[in-house]
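So you can see what is in the structure, the chains are spelled out below.
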Amino acid sequence: MGRTMKWTVPSALFLLCLLFLLPDQGRRIRANAEGDAEDVANPPKVEEKLGAVPNGLSTDSDVVNREAESMSRRTLRANAEKFEFQAEVSRLMDIIINSLYSNKDIFLRELISNASDALDKIRFLSLTDKEVLGEGDNTKLEITIKLDKEKRILSLRDRGIGMTKEDLIKNLGTIAKSGTSAFVEKMQTSGDLNLIGQFGVGFYSVYLVADYVEVISKHNDDKQYVWESKADGAFAISEDEWNEPLGRGTEIRLHLREEAGEYLDEDKLKDLVKKYSEFINFPIYLWASKSVEKEVPADEDESGDEEETSESSTSEEEGEEEKEDEEAEKKPKTKKITETTYDWELLNTVKAIWLRNPKEVTDEEYAKFYHSLAKDFGDEKPMAWSHFTAEGDVEFKAVLFVPPSAPHDLYESYYNSNKSNLKLYVRRVFISDEFDELLPKYLNFLKGLVDSDTLPLNVSREMLQQHSSLKTIKKKLIRKALDMIRKIADEDPDESNDKDKTDVDSADSDGKKGQYTKFWNEFGKSIKLGIIEDAANRNRLAKLLRFETSKSDGKLTSLDQYISRMKPGQKDIFYITGTSKEQLEKSPFLERLAKKNYEVIFFTDPVDEYLMQYLMDYEDKKFQNVSKEGLKLGKDSKDKELKESFKELTKWWKTALAKDNVDDVKISNRLADTPCVVVTSKFGWSANMERIMKSQTLSDATKQSYMRGKRVLEINPRHPIIKELRERVVTDPEDESVKQTAQLMYQTALMESGFMLDDPKDFASHIYNSVKTSLNISPDAAVEEEDDAEEIEAEATTNEDATTKDEAGDVKDEL
């Protein structure tokens, strides 16, 4: 017992000392780990010829001290050159800073996207000049993210093309891009900050989480500069004398706000990269910590102490312990400790989707890839996609997407812009996202990429445009794109005919219900423009056309569905153009057609007038505008008799309207309840087209007179007004009242037929004269003249007021 007590007291004292020593040991381990981390993260020094900062080759301690001072500051450098933000940029930043939008995560995806673009540019330049990449670590095209939790700094660096001083001024401050004002307007209407990347102003999203931002950048053609701003309406740029040389590229340091502390968590950043940027084509590394268990030699005193602190036991057990101790002394004593280490962790390990087998890619992966590619991070998935490989003389892989909605500027400067939404790769190397020769303009709403194995890699863009393989690629892309759009319609239950409706009740079809109507509402105008521009694919595009008709009950109809409902013996497809469906439904041109149960297509888009000049027929059926000459509704046995009985009236009326350039007056076969209408010649402008052309800003009235269709007045021989007019003309063809009535009826028919009156005043005079007649007022009755006495009295009152004011002024002067 005494022996046990003798060993227990020293052991307890030893344990107490050990507990005091362990925290220091842990601190030393962490310090070593952080020191190692700094060694790995610091890039290698570069030579002065690369444009490194002054004193770039100073001792490590000097560099570290200057860099630490730079990173800890939150005020603009005193010797920096100050600039004011351009007005639109200031507005944009105010919106972002004061935004209540909860999802601030978008800042990281925008920075990574910009870094990826910079890396794409330098890689493209290196195809023709390998020297631009430099040497050593500069050749590593990658993105790195690093955290400083103590100073609350998040840094993101790329080895991309970098920015010169002028680039920093232009891209980050004074000159607003066209997308800046467009985004500000969009924010004020919808408030969706998530769209920022689509407008080219994603950098400014950093102010969602930071109150001070530094951008350190080095371009091969310039020195290293620091751009900094506190988002207070100004920014500053100075030559970098504080930070270690980048060699080439850009580092962005975000000094995080107090409420943005969650972005100092490594797991949070990993989740964000996986969510938004897993399909970026360059490696993204995070300086991440790891806990590693390690065996280290144990102290003898410590091991002896552990042995002696066991509870007292029998003498036999003590004997056994002594034997074990002797055996243990022969082997080295070890123990396990947990050590924290830092290393670069690769965050995006997903293989490029277009290189994978389409059968192995899930719908969710396609949706994620679309969001990453299009910088569209809304909740909606793309309407459709097509992933395919073309083989043969020209080999390429492609992924095409139909976006869920049209861009805000899809049809702005349609014929003047060279915008494309397809990214071109050659053998996995990004070439350009402004290569508009891959798809025709009418399909520029599609997003996607093309990766060709046939096109040459190291040639200029101009030479690439003339490459023979490009026409083949374009032809195949158009065919696949139209097949993809056609598939949306084929899978939409609303597009099925009645005979097919038994097969469209599955749960899978419910999600696709109404999808083609949605597509048409967003991109229908593009299909119409395709029919105008692409003669080779005109028939295939015509199958994608949708419109409302007089029998569609508000739903969209295709040309195939229209033809399936045509009456027996009907040879033409009837249509009418106008400003709205409601206006067209009341048109006098439809009266007889409706009575005979013919279906008429309603075209209400201004582009439809141009469309029908190119779409002359479909499936051997001619198109007939029911507001023009040439309408045939079958022969009437009484036609000849009617023409003969109204021959005198039509001849007289044509003479009476000679000054109005009326080409002819005929008996109509399209009217039921209306006395008369004005139709145009088959190949001239319709009334709707004439209205559209007159409203053009730069329209030329003299040239329009050549294109204006010849006007023909068609009369309804069954209408009582026309019958009475015929009797009056037979009785007295020189009667002025009859001539006025005929003129008034023509002008009324012009308006009802959709034309604009050349002389509205003359029309109004005829109306007032007609009103006088109906009220039995003499046509010579004059308007009562105004009483001059009232005017004289009013002038006298005015003079008196003026005199009173003058007198009051004189009194004031005297006082």
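Rules of the game
Residues numbered from 1 in each chain as written. Predicted model: local features only at pLDDT ≥ 70, side-chain atom pairs only at ≥ 80, totals over all residues. Heavy atoms only, no water. Phe/Tyr/Trp six-rings, centres within 6.5 Å; stacked < 30°, edge-to-face > 60°. Helix = DSSP H or I, 4+ residues; strand = E, 2+ residues; numbered from the N terminus. Buried < 20%, exposed > 50% of the residue type's maximum accessible area, 1.4 Å probe, protein only. Lys NZ or Arg CZ within 6 Å of the ring centre and 35° of its normal. Expected span 1.5 Å × (residues − 1). Bend = angle between axes of the 7 residues up to and from the residue. Axes fitted to C-alpha atoms, helices over the stretch in contact; angles between N-to-C directions. Parallel < 35°, antiparallel > 145°, perpendicular 65-115°, else oblique. Left-handed = near helix turned anticlockwise from the far one by under 90°. Contact = heavy atoms within 4.5 Å. Nonpolar A, V, L, I, M, F, W, Y, C, P; charged D, E, K, R; others polar. pLDDT = per-residue confidence, 0-100. Pairing = 2+ DSSP bridges.

Caption draft 1: The packing of aromatic side chains, seen in detail. This structure, assessed with the given rule, holds 23 aromatic pairs. Arranged with centres 5.0 Å apart and planes meeting at 45 degrees, the rings of Phe85 and Phe235 form a pair that is tilted. Taken as a pair, Phe85 in the loop between strand S1 (81-84) and helix H3 (87-97) and Phe235 in strand S6 (residues 234-239) lie far apart in primary sequence, 150 residues in all. For the pair formed by Phe85 and Phe235, the shared burial category is buried. An aromatic cluster is present here, built from Phe83, Phe85, Phe203, Tyr204, Trp227 and Phe235 joined pairwise through their rings. Over the aromatic face of Trp242 sits the side chain of Arg77, whose NZ or CZ is 4.4 Å from the ring centroid. Between Lys480 and the ring centre of Phe388, over which it is positioned, the NZ or CZ distance is 5.2 Å.

Caption draft 2: Spotlight on helix H14 (residues 515-533). Taking 1.5 Å per residue, 19 residues should reach 27 Å; H14 reaches 26 Å between its end C-alpha atoms and fits that length. Along its length, H14 shows its largest kink, about 70 degrees, at Phe523.

Caption draft 3: Focus on the packing of helix H19 (residues 607-614) against helix H22 (residues 687-694). Between H19 and H22, the shortest axis-to-axis distance is 9 Å and the interhelical angle comes to 125 degrees. One finds that H19 runs oblique with respect to H22. Note that H19 runs across H22; the crossing there is left-handed. Contact residues: Glu609, Tyr610 and Gln613 in H19; Asn688, Met689, Ile692 and Met693 in H22. Within the contact of H19 with H22, the residues separate by chemical class into 4 nonpolar, 2 polar and 1 charged.

Caption draft 4: Structural view of the confidence of the model for the protein. On average, residues of the protein score 79 in pLDDT, and 75% of them reach the 70 mark or higher. The least confident element of the protein, judged by mean pLDDT, is helix H1 (residues 2-41) at 45; the most confident is strand S17 (residues 601-603) at 96. Every residue in residues 18-59 scores below 50 in pLDDT, and together they form 53 contacts with partners more than four places removed in sequence or on other chains.

Caption draft 5: Local environment of the sheet that holds strand S14 (residues 447-452). Read across the open sheet, the 5 strands follow the order S10-S11-S14-S12-S13; overall the sheet is mixed. Each having just a single partner strand, strand S10 (384-390) and strand S13 (429-432) make up the two edges of the open sheet. Between one strand axis and the next, the sheet turns through 20 degrees on average, direction left out of account. Both strand S11 (residues 396-402) and S14 contribute to a ladder of 6 bridges, which runs antiparallel. When the sheet's bridge partners are listed, Val399 is paired in S14 with Leu449. Here helix H10 (residues 363-374) sits on the sheet in contact with S10, S11, strand S12 (422-426) and S14, set at roughly 95 degrees to S14.

Caption draft 6: Just the pairing of S12, in detail. Burial analysis of S12 places 5 of its 5 residues in the buried class, which makes it a mostly covered element. Alternating positions in S12 separate into two faces, Leu422, Leu424 and Val426 on one and Lys423 and Tyr425 on the other, with burial throughout. Both S12 and S14 contribute to a ladder of 5 bridges, which runs parallel. Looking at S14, one finds that Tyr425 is bridged to Asp451. Across 3 bridges, S12 lies against S13 in antiparallel orientation. Along S13, the bridge assignment pairs Tyr425 with Phe430. Turn length for the S12-S13 hairpin, with the two strands adjacent in sequence and antiparallel, is 2 residues, and the turn residue Arg427 shows positive phi of about 50 degrees.

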